[in-house]
Amino acid sequence: MLFDSIWKDLKWQYQYGSPLVKIIFINAFVFIILNLLSVIDYFAKTNFGSFTLELISFKASKELLYQPWSILTYQFTQVGFLHILFNMLWLHLFGSIVSDFIGKNKIVPLYIIGGFFGAILYSIISAILFFSKSDLYNANNIMYGASAGVMAVVLAAATLAPNYEIRLLLLGNVKIKWIALVTVILDIIFLNDGNLGGHLSHLGGAFFGWLFITQLRNGNDYAHKFYAIIDFFKNIFKKKPKMKVVYNEKKEKVYAEETKKHQHQHQKNTNNNRPLNKQEKQKQLDTILDKINSSGYDSLNKDEKDFLYQISKED
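Here the residue numbers are simple positions, counted from 1 along each chain's written sequence. pLDDT decides what is reported in this predicted model: residues at 70 or higher carry local features, side-chain atom pairs at 80 or more are listed and counted, and totals for whole chains, interfaces and linings draw on all residues regardless. Note that water and hydrogens are dropped before the side-chain values are worked out from all heavy atoms of the structure.

### What about the overall build of the protein chain?
Note the following rule: Secondary structure follows DSSP: runs of H or I at least 4 residues long count as helices, runs of E at least 2 residues long count as strands, and numbering of each begins at the N terminus. To be clear on the numbers: accessible area is Shrake-Rupley with a 1.4 Å probe, and residue cover counts the displayed protein chains and nothing else.
Tallying secondary structure elements over the protein chain gives 13 helices and two strands in all. In the form shown here, the protein chain has an accessible surface area of approximately 20,600 Å², with 64% of it arising from carbon and sulfur atoms.

### A look at the confidence of the model for the protein chain
Our working definition: Every residue carries a pLDDT, the predictor's confidence in it, which falls somewhere between 0 and 100.
Put simply, the protein chain has an average pLDDT of 83, and 81% of its residues get 70 or more. Across the protein chain, helix α7 (residues 147–160) holds the top mean pLDDT of 96, while helix α11 (residues 249–272) sits lowest at 55.

### Quick look at the pattern of salt bridges
Rules: A pair is scored as a salt bridge if a Lys or Arg side-chain nitrogen falls within 4 Å of a carboxyl oxygen belonging to Asp or Glu. Using a 1.4 Å probe on the protein chains alone, a residue whose accessible area is under 20% of its type maximum counts as buried, one over 50% counts as exposed, and one in between counts as partly exposed.
Taken as a whole and assessed by the stated rule, the structure comprises two salt bridges. Glu54 is the partner of Lys59 in a salt bridge, and the nearest nitrogen-oxygen pair spans 3.0 Å. The class of Lys59 is buried, set by a relative accessible area of 8%. The residue Asp221 makes a salt bridge to Lys106 at a minimum N-O spacing of 3.5 Å. Within this pair, whereas Asp221 is found in the loop between α9 (196–217) and α10 (222–237), its partner Lys106 is found in the loop between α5 (81–102) and α6 (107–131), the two being separated by 115 residues in sequence.

### Overview of unusual backbone geometry
For Lys45, which is not glycine, the phi dihedral falls at a positive 55°. With respect to the helices and strands, Lys45 occurs in the loop between α2 (19–44) and α3 (48–56). By relative accessible area, which is 71% here, Lys45 ends up exposed. Positive phi, normally seen in glycine, also occurs at Leu170, with a value near 75°. On the secondary structure map, Leu170 appears in the loop between β1 (165–168) and β2 (172–175). Assessed through its relative accessible area of 83%, Leu170 is described here as exposed.

### A short note on the packing of aromatic side chains
In plain terms, the rule: Paired rings are identified among Phe, Tyr and Trp, the last through its six-membered ring, by centres lying within 6.5 Å, and are further divided according to the angle between planes into stacked (under 30 degrees), edge-to-face (over 60) and tilted (the rest).
In this structure the tally under the stated criterion is 13 aromatic pairs. With 6.3 Å between their ring centres and 55° between their planes, Phe58 and Tyr122 make a pair best called tilted. With a gap of 64 residues between them, Phe58 in the loop between α3 and α4 (70–73) and Tyr122 in helix α6 connect regions that are remote in the sequence. The pair Phe58 / Tyr122 is uniform in exposure class, with both members buried. Members of the aromatic cluster, each reached through a chain of ring pairs, are Phe117, Phe207, Phe208, Trp210, Phe212 and Tyr222.

### Description of a nonpolar patch on the surface
This is how the line gets drawn: Each patch groups residues whose relative accessible area exceeds 30% and which form no salt bridge, using 9 Å between like charges and 5 Å between nonpolar side chains of Val, Leu, Ile, Met, Phe, Trp and Tyr.
Together, Trp178, Leu181, Val182, Ile185, Leu186, Ile189 and Phe190 line one region of the surface with nonpolar side chains, adding up to about 660 Å² of accessible area. Counting through the fold element by element, Ile189 comes out in helix α8 (residues 176–189). Judged by relative accessible area, which is 52%, Ile189 ranks as exposed.

### Some details on the nonpolar core
The criterion, for reference: Here, nonpolar core refers to any group of buried Ala, Val, Leu, Ile, Met, Phe, Trp, Tyr and Cys residues whose side-chain atoms link them within 4.5 Å. Every residue pair with non-hydrogen atoms within 4.5 Å of one another is taken to be in contact.
Leu91, Phe94 and Val98 are the most contacted members of the largest nonpolar core, which totals 57 residues. No other element matches the ten residues that α7 contributes to this core. In contact with Val98, not counting residues within four places along its chain, are Gly103, Ile107, Leu110, Val153, Ala156, Ala157 and Leu160. Core analysis: the second largest hydrophobic core is formed by ten residues, Phe58, Leu129, Met143 and Leu200 among them.

### Concerning the side chain of Gln67
Convention followed: For this analysis, a polar contact is any N or O atom pair within 3.5 Å, provided that within protein one partner can donate a hydrogen and the other can accept it, and provided that sequence-adjacent residues contribute only side-chain to side-chain pairs.
Relative to the assigned elements, Gln67 resides in the loop between α3 and α4. Accessibility expressed as a relative area gives 12% for Gln67, which makes it buried. Here the side chain of Gln67 touches Ser57 through a polar contact of 3.2 Å, landing on its backbone oxygen. In contact with Gln67, other than residues within four places in its own chain, are Glu54, Leu55 and Ser57.

### Some words on the pairing of β1
Put simply, the test is: Should DSSP find at least two bridges between two strands, the strands are taken to pair.
One ladder, built from four bridges, connects β1 with β2; its direction is antiparallel. Of the residues in β2, the one forming a bridge with Leu168 is Gly172. Where β1 folds back onto β2 in an antiparallel hairpin, the turn is made up of three residues, including Leu170, whose phi is positive at roughly 75°.

### Here's the deal with α2
Rules: For a helix, the expected span equals 1.5 Å multiplied by the number of residues minus one.
Over its 26 residues, α2 runs 37 Å from end to end, which matches the ideal 38 Å to within 8%, given 1.5 Å per residue. Every buried residue of α2 is accounted for by Pro19, Leu20, Ile23, Ile24, Asn27, Val30, Phe31, Leu34, Leu37 and Asp41. Buried-residue contacts for α2 involve α3, α5 and α6. At the C-terminal side of α2, Lys45 shows a positive phi close to 55°.

### Focus on the environment of Leu37
Mapped onto the elements, Leu37 comes out in helix α2. Excluding anything up to four places from it in sequence, Leu37 contacts Phe48, Gly49 and Thr52.

See the structure below:
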């Protein structure tokens, strides 16, 4: 009964939770599976865990051609408890900030494409180091972890609202722009500490997080393009129902008259209460974000706060 209640609660949380919650759930699920396989390996003297880990981890080499899915799966693959704990804490903290400002549906493309950028940067630098025979390059090195996607979310939050403050243990209130800056600097300093793939993926994800918000302010929303690509592939594999068209001249005439009437009424209502178009909404959003950056969230009036709330619901 206890486990049944827990399972139902987790299922409800995942089904009705935000995209941010779903990402955290997937990371937790993969973490549990990998560690259970590791336990089986220990007692049964098998290698299911290590085989699975290598199968879904990213390698910046020709092996990527044989497992292209790894550029996605590595982003949800973590083994150490502290590894997943701190990644998920950061993702939840900064992801909530991003969701509050520009909408919850921006999180998935920000996280996924940030992970792609991290893997691509690692691949490019690894290829350069391989041909230069640098000691930093390790052909057997595999990369996994949510850090690239998390860094994309962190830099997106810092770019959106650099003066937004969060409370850190022992340090008190700290502006998130300083947290982002220190994190990036540390990744650059420790590039030669033996975790080249990890630090390069962090920097690639961080770059995309900054780029995502910068382009969004210029009216170029990568999230819409991301979902458009997803819908394209969904439609390819979607079975189209067979349709039978029956034409009836009398019914067609009545339908045309009713349609014309509804269109006239809709146009009348629209003229009386015209909503803001996309460009007007973006312009007003940019103005509010600039105000937050300079004076903080508390400086907004009620209408501006209501506008931010409505924008987050629309997304």
